[in-house]
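Chain by chain, the residues run as shown.
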Amino acid sequence: MQRLELRQPDDWHVHLRDEDILVAVAPLTARQFRRALVMPNLAPPVTTTAAAMAYRQRILAAVPSGFSFEPLMTLYLTDQTAPAEIERAALSKVVMACKLYPAGATTHSDAGVTEIHRLDTVFACMAEHGMVLSVHGEVVDKDVDIFDREERFIERTLAPLCERHPRLKVVFEHITTAAAVRFIKRARPGVAATLTPQHLLLNRNDMLVGGIRPHLYCLPILKTENDRNHLLGAATSDDARFFAGTDSAPHSRHSKESACGCAGVFSAHAAVELYATAFEQAGALDRLEAFLAERGADFYGVPRNTGQIVLERGDWVMDTQISAGKDCLIPYGAGQTLGWRLKRGD
Ligand code: NCD
Ligand code: ZN
Ligand code: ZN
């Protein structure tokens, strides 16, 4: 196959940040995706509908004219989030989901939730309004190995939560393990998962063998080849619960290449091409459109996009760096060659 025409895709999990980084990355996501669910882990986090609406305006201001990009907003749940805020969010039509970060689990999660049961009235209110709960699924207990944190989260937190709130729509974000795939396949209706390009293409050896590659360090951390195979199998299956969420997470070069480097892989420059590469590896390019452009929209209850994108076969070399104000960002696969190229993003 030399050319693929696909319905315009959506990114159901992206970090656009703010200020210089926002200005640098918003055009990249807007070129690749018609809509994107924007994560609220700014500093300080986006905890109110008013803050989400203001952030949405800053994003739109950073998107060049000529793109019909639509940012879909999220609220950051804290121990203090009140049901009244959920009511406001639901009425806004702008906020599509609330994000659960267990406190301390990932980048900018310090203000996250420390005791999930405290939010049961908030979850009940979300279920009533059909608002999606988007979950960073890792336990933070010191005694749990970093490679086991997702699996423990399923047992200790996610499975009981889905049972306690049987009508709550839940997205298990950026899943990384065979255990997560098994959980989603058996879960009740209304529970789905997003998958990132890096977790479909890489395992932990890619990050750690022959030298440590900080630009491949993200959370949840890359897992084993067996896990990767299960993730790729799920993404390329006909199961509608698995869809695209890049988790593109830009950090300045100096904060990645550091004695204590930040977690996050930046993939917005080539996300669609990276997914195409993974699907081709699995011999499943015929499922790419459903994964990128149909299942997520259906789950979130928004119409599928009507425009088209075109992917053409042809080698190209990814940028080695992307400047962002005085800083620069190192994109996933910097300087490497990809075999698919997005020709039209709008
Ligand atoms: C994300 C970020 O940098 O905001 N980092 C990451 O490693 N995935 C946060 C997140 O999605 O957990
Ligand atoms: Zn996360
Ligand atoms: Zn993320």
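Definitions and cut-offs
- Residues numbered from 1 in each chain as written.
- Chains lettered and ligands numbered in written order.
- Predicted model: local features only at pLDDT ≥ 70, side-chain atom pairs only at ≥ 80, totals over all residues.
- Heavy atoms only, no water.
- Helix = DSSP H or I, 4+ residues; strand = E, 2+ residues; numbered from the N terminus.
- Rg over C-alpha atoms; globule rule 2.2 N^0.38 Å.
- Buried < 20%, exposed > 50% of the residue type's maximum accessible area, 1.4 Å probe, protein only.
- Contact = heavy atoms within 4.5 Å.
- Donors = N, O, S within 2.8 Å, 3.2 Å for Na, K, Ca; no water.
- Tetrahedral: all angles 85-135°; square planar, octahedral: opposite > 155°, others 65-115°.
- Core = buried A, V, L, I, M, F, W, Y, C linked by side-chain atoms within 4.5 Å.
- Near = heavy atom within 4 Å.
- Polar contact = N/O pair within 3.5 Å; in protein donor to acceptor, adjacent residues only side chain to side chain.
- Areas by Shrake-Rupley, 256 points an atom, 1.4 Å probe, with all protein chains shown as cover.
- Nonpolar A, V, L, I, M, F, W, Y, C, P; charged D, E, K, R; others polar.

### A look at the overall build of the protein chain
Here is step 1: Counting secondary structure elements, the protein chain contains 12 helices and 13 strands.
Here is step 2: Relative to the globule expectation of 20 Å for 346 residues, the C-alpha radius of gyration of the protein chain, 19 Å, shows essentially globular dimensions.
Here is step 3: Structurally, the protein chain occupies a C-alpha span of about 50 × 45 × 40 Å along its principal axes.
Here is step 4: Within the protein chain, the proportion of its 346 residues that are buried is 59%.
Here is step 5: Long-range pairs, those at least 24 residues apart, make up 72% of the contacts in the protein chain between residues at least 6 apart in sequence.

### As for the coordination of the zinc ion (ligand 3)
Here is step 1: For the zinc ion (ligand 3), every protein donor is listed as His13 (NE2), His15 (NE2) and Asp247 (OD), and the spread of their distances is 1.9 to 2.0 Å.
Here is step 2: If you look at the zinc ion (ligand 3), its four donor atoms make angles of 97 to 135° with each other, and the shape they trace is tetrahedral.
Here is step 3: Summarised as a motif, the one-chain spacing of the donors to the zinc ion (ligand 3) is H-x1-H-x231-D.
Here is step 4: A gap of 3.9 Å separates the zinc ion (ligand 3) and the zinc ion (ligand 2). Here His15 is found in the loop between strand S2 (10–14) and helix H1 (19–32), whereas its partner Asp247 is found in the loop between strand S9 (242–244) and helix H10 (253–256), with 232 residues between them in sequence.

### Here's the deal with the nonpolar core
Here is step 1: Membership of the largest hydrophobic core comes to 105 residues, with the highest contact counts inside it found for Leu77, Leu200 and Leu288.
Here is step 2: With seven residues, helix H11 (residues 271–281) is the largest single contributor of residues to this core.
Here is step 3: In contact with Leu200, not counting residues within four places along its chain, are Leu195, Arg228, Leu231, Leu232, Ala235, Tyr275, Ala278, Phe279 and Phe291.
Here is step 4: Trp12, Leu72, Met96 and Phe243 belong to the second-largest nonpolar core, a separate cluster that totals 16 residues.

### Topic: the site of ligand 1
Here is step 1: Close contacts around ligand 1 come from 15 residues, with Arg17, Asn41, Thr106, Leu219 and Asp247 the closest.
Here is step 2: Between ligand 1 and Thr107 there is a distance of 3.2 Å, counted from an oxygen atom to a side-chain nitrogen or oxygen.
Here is step 3: Separating an oxygen atom of ligand 1 from a backbone N or O atom of Ala263 is a distance of 3.1 Å.
Here is step 4: Look at ligand 1: alone it shows 320 Å² of surface, and the protein chains cover 100% of it.
Here is step 5: When grouped by side-chain class, the residues that make up the shell around ligand 1 number four nonpolar, nine polar and two charged.

### Structural notes on the environment of His165
Here is step 1: Mapped onto the elements of the fold, His165 is located in the loop between helix H5 (149–164) and strand S7 (170–172).
Here is step 2: Between the C-alpha atoms of His165 and Ala259, which are 94 residues apart in sequence, the distance is 42 Å.

### Quick word on the coordination of the zinc ion (ligand 2)
Here is step 1: The zinc ion (ligand 2) binds to the protein through His136 (ND1) and His174 (NE2); the donor distances cover 2.0 to 2.1 Å.
Here is step 2: Viewed at the metal, the four donor atoms of the zinc ion (ligand 2) are separated by angles of 54 to 146°, and the geometry they form is irregular.
Here is step 3: Among the residues examined, His136 registers a relative accessible area of 1% and is labelled buried.
Here is step 4: Overall, the relative accessible area of 2% leaves His174 in the buried class.

### A few points about the environment of Val63
Here is step 1: Tracing the sequence through the fold places Val63 in the loop between helix H2 (49–62) and strand S4 (70–76).
Here is step 2: Each C-alpha atom, one on Val63 and one on Leu22, is 9.2 Å from the other, the two residues being 41 residues apart in sequence.
Here is step 3: Beyond its immediate chain neighbours, meaning those up to four positions away, Val63 contacts Ala26, Ala30 and Phe69.

### A closer look at H11
Here is step 1: The element H11 is extensively covered by neighbouring structure, given that eight of its 11 residues are classed as buried.
Here is step 2: For H11, the full list of buried residues reads Ala271, Val272, Glu273, Leu274, Tyr275, Ala276, Ala278 and Phe279.
Here is step 3: Downstream of H11 by one or two residues, Gly283 has phi in the positive range, about 65°.

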